[in-house]
Amino acid sequence: MHVGREGFWHSRSALFTAASVWMLASVSLLQAQETAVDFTDSYNLYGTIGLIDLPTASSADDAELAATIGHFAGTTRTTLSFQITPRLSGSFRYSHIKNAPEIGGIGLYDRSFDLRYRLMDEGPVRPSVMIGLQDIVGTGVYAAEYIVSSKHLTPALMVTGGIGWGRLGSYNGFDNPLRALDDRFATRPGGTTGRGGQFETSKWFRGDAALFGGLSWQATDDLNIKAEYSSDAYARERSPQNDLFERNSPLNFGLSYALSENTALQAHYLYGAEFGAGLTFTLNPRKPVIIGGSGQRPTPVVPRQRQTGNAVAWTAQPDGQDILRDSMIRLLEFEGMSLEAMALSPTSVTVLVRNKTYMAGAEAIGRTARILTRVMPASVEHFTIVPVVGGIRTVAVDLQRSDIEELEFAPDNAWKSFARAKLRDAAATDANTVLNPDLYQRLLWRIGPYFAATYFDPDSPIRGAVGLELAARYDIAPGVSISGNLQKRFFGNIGDGRESDSVIQRVRTDGPLYAAEGDPALTQLVANYQFNVSPDYYARFTGGYLEAMYGGLSAEVLWKPVQSRLGIGAEINYAHQRDFDQLFGFQDYNVITGHASAYYAFANNFHGQIDVGRYLAGDFGTTVSLDREFENGWRVGAFATLTDVSFDEFGEGSFDKGLRFSIPLEHFFGRPSRDTNQFTLRPLTRDGGARLNVPNRLYETIRENHANDLRGSWGRFWR
Amino acid sequence: MRLLDKRNLMFVAAVALSACGNMQGGGADIKQLSTVIFQDTPEVSVSAQELTRQLRQQATSQANAHFLVLDVPVFGVAAPFSLSGTNRDVDTYLTSSGVSVSLRNGLLVATRGLGFDLMTADVTETLVALGANEDRPVRIHRYLDGDNQIITNSFVCSLERPDVDVIIERCVSTYLAFENTYNFDMNGEIIASEQWVSPQIGMIGITMIN
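Since this is a predicted model, take the numbers as computed values, not measurements.

1. Regarding the sheet that holds strand β4 (residues 90-94) of chain B
All names here are of chain B.
- One open sheet accounts for 12 strands, arranged β6-β5-β4-β3-β2-β13-β12-β11-β10-β9-β8-β7; its pairing is antiparallel. Only two strands of the sheet have a single partner each, and these edge strands are β6 (107-112) and β7 (120-122). Between one strand axis and the next, the sheet turns through 25° on average, direction left out of account.
- One ladder, built from seven bridges, connects strand β10 (residues 166-172) with strand β11 (residues 177-184); its direction is antiparallel. Looking across to β11, one finds that Val166 is bridged to Asn183.

Right under this line is the structure:
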């Protein structure tokens, strides 16, 4: 077979030659290695576990979150990947492809979403196999589907090979083997469905397919060297519109270097023409900085001495109750908790406790129990601990003092203490509880910095704001409070967004106007009343300036038995749109919104929620959310909303969807804290399916002390 | 915009005021962030041996006070711990800085406040073995993992007596191994020891004073 110099790289024999040379070099270099190195998977330019521009059939550690920025030849990809389960991973990507200099303009900003599933694990003989769908929603600039397989030839050398469709079938492609199943597989339709933002299932695995493959070699503990044969022809990037580079070769070479346990640097030489680089940051919710936290030791259990004389003589002492209560207040405050109220009888005590410090409700309960053994007279045998959140009694935990004394150092004290504890609804707890007056009729306030950002505006992919925030709360009585939040921006371009082109009521797309004019902004000022209605039922009333864009009234009722995985609630709101300056005025638009909601905590740490009702633009529909939750407070989830607003009316993106994260700050600092950073990533903000942001929704308030969440973190009872 | 213009100065002052107020929590906590960045580490001015010597001098005049000196090499810190109380056969010693250790007849069964703490340890077989010169006791340690679950490590141990008042306990599990050393007094009680806490903390030295 005669091949000219140029044609050599484009022939299949080149692949075998290159691979052989690479393998010979690797094997001889391997023999020079003295100690075995652990193969570490690394990320590629697409922000997924892989080679350079191609995927491998490896998965990241379960629950690993990775953010990658990769760049070459006018293409920048910023990807967030999450290992949703040990086999399933998802990625959300925001990319920019430059236009050719003659064309000018801002280029193409694209959002893409991937899913990958590991079908088969690697064994001594068999390889691992992964099926992947790249850019499955929307315009499909990066759309590709693949089946890839990887195998370790030696512990440090992995070979990967696969077959790809779409983008990965564009170079040296051949007729789609799947057309044997159905003729329609032979061709791939172009274009995008409607307004984009939809799953383009009709294109998957259609059109030409092509082979790809590569090698990766773990040279040292930190350095991984890769080579690959890419089946991506980069047709778009090499078209006259973009004209970004010359594809001289299908071979890519590169490396990944671990700068630290959580940071890696990639450097590559691609397609015989371009250099590229990338940086990856990883984080794993299951690996905090300090496992167990560095919180101070609990009060040790004080066992009772053998009693002589009258065990209940203390009840006759006139100020006995006050002294005991003061001791409880003092010792609870020392451990970051507050005594709300206490009721004492000769043989039992009920304490209502506010947990200000610990993420796990079980830890607050355990510490309270130990404090009780230290303070309570010997005749008090029955402890009932009631965690109170926002004035609501969330659960009543019955413990026997003898069990606490017996189990403090028992090797399996975690599950034993849970088995002996009784959890029940707290609505009917002791009516004789005496309130701690210091907790109420007090103004609490805090001044601190705030950071805000909006994303994915093509004019400016990230807009930010930094400023100062005053938060204040006045607790009038248990469950009755007035709270507010004032922000003053010092820096930021967050108000510079485009004007809305929405054809329906602009209930959310005026965000840039609120951001621009709201300086200073009264982001919230509400009066709130929430309470236990009766066993299993909770209620809330809220009124005032509920959020940045709306004020009004909100009422909610929730049914949630302590032992139940299921909660059902209903909420109804009157929302009145506020002035853009986010001060005290209102505009004309107002609407009645409301939802019926079902919450379900699945057994495998997934949590689902369905809300059905009326949204801010007057549209009716449903929101479905699914989160992966961790016992330490991390949550990663996704949601989508479909309403009777047509995809056309909704506009670009077709329907509301997004990702949401809850990150506990103590993950990074080690010191116990209930602070969490919560944010939502929406590819697009439009006006359909928009829900009112009401503060103090009941389910979040009570769920942490119900059986499912308590049991999940009960390991911390003795912490 | 000059770096020191009025708006920038106001913001810097505002950040300096940050986390002011009597309400806990909410948003970015600059104080916590600065602690991580600037790594508040305690000053180590006294070694474990020096601390032991000082405390022994004081202890002779206070018959009822019970102390131990805990040496934690991984933090480079040694500190005195005082006896807080006894529950059944376990003594708990603690410091005002928020750390506690619990000992059962001199064997470590729990730590709190170090981070990567030993939650519980089942040392029943080890205690029997120490007394009766038997071999191959099994130890079970329990720890919290990053997701608040209790994980269990079982160790098979062997005892060796290189000297009349010293016992070395060597323990092995699938992935971990450690070696504890116990020094006894004439009454058969442990007066000094080096014991392993967890993979991250490693060994700690315990010296009983009084």
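2. Structural notes on the packing of aromatic side chains
Residue and element names in this part refer to chain A.
- Counted under the stated rule, the structure contains 27 aromatic pairs over all chains.
- Judged by centre distance (5.1 Å) and plane angle (75°), the ring pair of Trp165 and Phe205 falls under edge-to-face. Here Trp165, found in strand β7 (residues 157-166), pairs with Phe205, found in the loop between β7 and β8 (209-218); they are 40 residues apart in sequence, far enough to count as distant. Each member of the pair Trp165 and Phe205 is classed as buried.
- Site record: aromatic cluster; members linked through ring pairs are Phe72, Tyr234, Phe245 and Tyr271.
- Above the face of the Tyr46 ring, Arg77 is positioned so that its terminal group lies 3.8 Å from the ring centre.
- Sitting over the face of the ring of Tyr440, Arg354 holds its NZ or CZ atom 5.7 Å from the ring centroid.

3. A short note on helix α4 (residues 124-132) of chain B
All names here are of chain B.
- For α4, the set of buried residues is Thr126, Leu127, Ala129 and Leu130. Projected down its long axis, α4 shows its buried positions confined to an angular sector of 165°, all on one face.
- Those residues of α4 hidden inside the fold are in contact with β5 (100-104), β6, β8 (138-144), β9 (150-163), β10 and β11.

4. Structural notes on the pairing of strand β10 (residues 251-260) of chain A
Residues and elements named next belong to chain A.
- Relative to β10, strand β9 (residues 223-229) is paired through seven bridges, and the arrangement is antiparallel. The partner of Asn224 across the bridge, within β10, is Ser256.
- Hairpin remark: β10 followed by strand β11 (residues 263-270), antiparallel, with two residues in the connecting loop.

5. Concerning a nonpolar patch on the surface
All names here are of chain A.
- A cluster of nonpolar side chains, contributed by Ile476, Ile482, Leu525, Leu583 and Phe584, occupies part of the molecular surface with about 400 Å² of accessible area.
- Inspection of the secondary structure puts Ile476 in strand β21 (residues 460-477).
- Given the relative accessible area of 33%, Ile476 is considered partly exposed.

6. Considerations on the confidence of the model for chain B
Residues and elements named next belong to chain B.
- In this model, chain B carries a mean pLDDT of 82, and residues with pLDDT of at least 70 account for 77%.
- Scored below 50 in pLDDT, residues 34-43 shows six contacts in the model against residues more than four places distant or in partner chains.
- Model confidence for the complex is summarised by a pTM of 0.89, with the ipTM given as 0.87.

7. Some remarks on the state of the cysteines
Residues and elements named next belong to chain B.
- In the structure shown here, the tally under the stated rule is one disulfide over all chains.
- A sulfur-sulfur distance of 2.2 Å marks the disulfide that ties Cys157 to Cys171. The sign of the S-S torsion, about 105°, decides the handedness of the disulfide formed by Cys157 and Cys171: right-handed. Taken as a pair, Cys157 in strand β9 and Cys171 in strand β10 lie far apart in primary sequence, 14 residues in all. There is no split in this pair, since Cys157 and Cys171 are both buried.

8. Structural notes on the packing of helix α3 (residues 320-334) of chain A against helix α4 (residues 361-375) of chain A
All names here are of chain A.
- Packing of α3 against α4 leaves a shortest axis separation of 10 Å and a crossing angle of 140°. Taken together, the axis directions place α3 and α4 in an arrangement best described as oblique. Crossing angle aside, the handedness with which α3 passes α4 is right-handed. Counted together, Leu324, Ser327, Met328, Leu331 and Leu332 of α3 and Thr368, Ile371, Leu372, Arg374 and Val375 of α4 form the full contact between these two elements.

9. Focus: the interface of chain B and chain A
- Each partner contributes residues to the interface: chain B has 54 residues there, and chain A has 60 residues.
- For the pair chain B and chain A, the summed buried surface comes to about 4700 Å²; carbon and sulfur atoms form 59% of the total.
- For the interface between chain B and chain A, the tally reads one salt bridge.
- Among the ionic pairs, A:Arg719 bridges to B:Asp117, the shortest N-O distance being 3.6 Å.
- For the pair chain B and chain A, the number of links is 16 residue pairs in polar contact (both at pLDDT 80 or more).
- Among the residues making up the side of chain B that touches chain A, the classes are represented as 20 nonpolar, 26 polar and eight charged.
- Where strand β20 (residues 442-457) of chain A lies against strand β1 (residues 20-21) of chain B, two bridges are found, and the strand directions are antiparallel.

10. Here we look at the sheet that holds β7(A)
- Overall, antiparallel pairing links the 12 strands, which are arranged β1-β2-β3-β4-β5-β6-β7-β8-β9-β10-β11-β12 (chain A) in a closed barrel. On average, each strand axis in the sheet is tilted by 20° relative to the strand beside it, whichever way the strands run.

11. A word on the nonpolar core
- With 40 residues, the main nonpolar core has A:Met328, A:Met342, A:Val349, A:Val351, A:Met376 and A:Leu399 as its most contacted residues.
- Looking at this core, the elements that each hand over two or more residues are α3, β13 (337-344), β14 (348-355), α4, β15 (382-389), β17 (396-400), α5 (401-407) and α11 (707-712) of chain A.
- Examining the composition of this core, we find that seven residues originate from one element, α4(A), more than from any other.
- With residues up to four places along the chain from it excluded, the contact list for A:Leu399 reads A:Ile365, A:Ala369, A:Glu381, A:His382, A:Phe383, A:Ile385, A:Ile404, A:Ala421 and A:Phe717.
- Within the second largest apolar cluster, 39 residues are counted, among which are B:Val101, B:Leu107, B:Leu127 and B:Tyr143.

Conventions we followed
Residues numbered from 1 in each chain as written. Chains lettered and ligands numbered in written order. Predicted model: local features only at pLDDT ≥ 70, side-chain atom pairs only at ≥ 80, totals over all residues. Heavy atoms only, no water. Pairing = 2+ DSSP bridges. Helix = DSSP H or I, 4+ residues; strand = E, 2+ residues; numbered from the N terminus. Axes fitted to C-alpha atoms, helices over the stretch in contact; angles between N-to-C directions. Phe/Tyr/Trp six-rings, centres within 6.5 Å; stacked < 30°, edge-to-face > 60°. Buried < 20%, exposed > 50% of the residue type's maximum accessible area, 1.4 Å probe, protein only. Lys NZ or Arg CZ within 6 Å of the ring centre and 35° of its normal. Arc of directions from axis to C-beta. Contact = heavy atoms within 4.5 Å. Patch = residues over 30% accessible without salt bridge, like charges linked within 9 Å, V, L, I, M, F, W, Y side chains within 5 Å. Areas by Shrake-Rupley, 256 points an atom, 1.4 Å probe, with all protein chains shown as cover. Salt bridge = Lys/Arg side-chain N within 4 Å of Asp/Glu carboxyl O. pLDDT = per-residue confidence, 0-100. Disulfide = S-S within 2.5 Å. Parallel < 35°, antiparallel > 145°, perpendicular 65-115°, else oblique. Left-handed = near helix turned anticlockwise from the far one by under 90°. Buried area = accessible area lost by both parts, 1.4 Å probe. Polar contact = N/O pair within 3.5 Å; in protein donor to acceptor, adjacent residues only side chain to side chain. Nonpolar A, V, L, I, M, F, W, Y, C, P; charged D, E, K, R; others polar. Core = buried A, V, L, I, M, F, W, Y, C linked by side-chain atoms within 4.5 Å.

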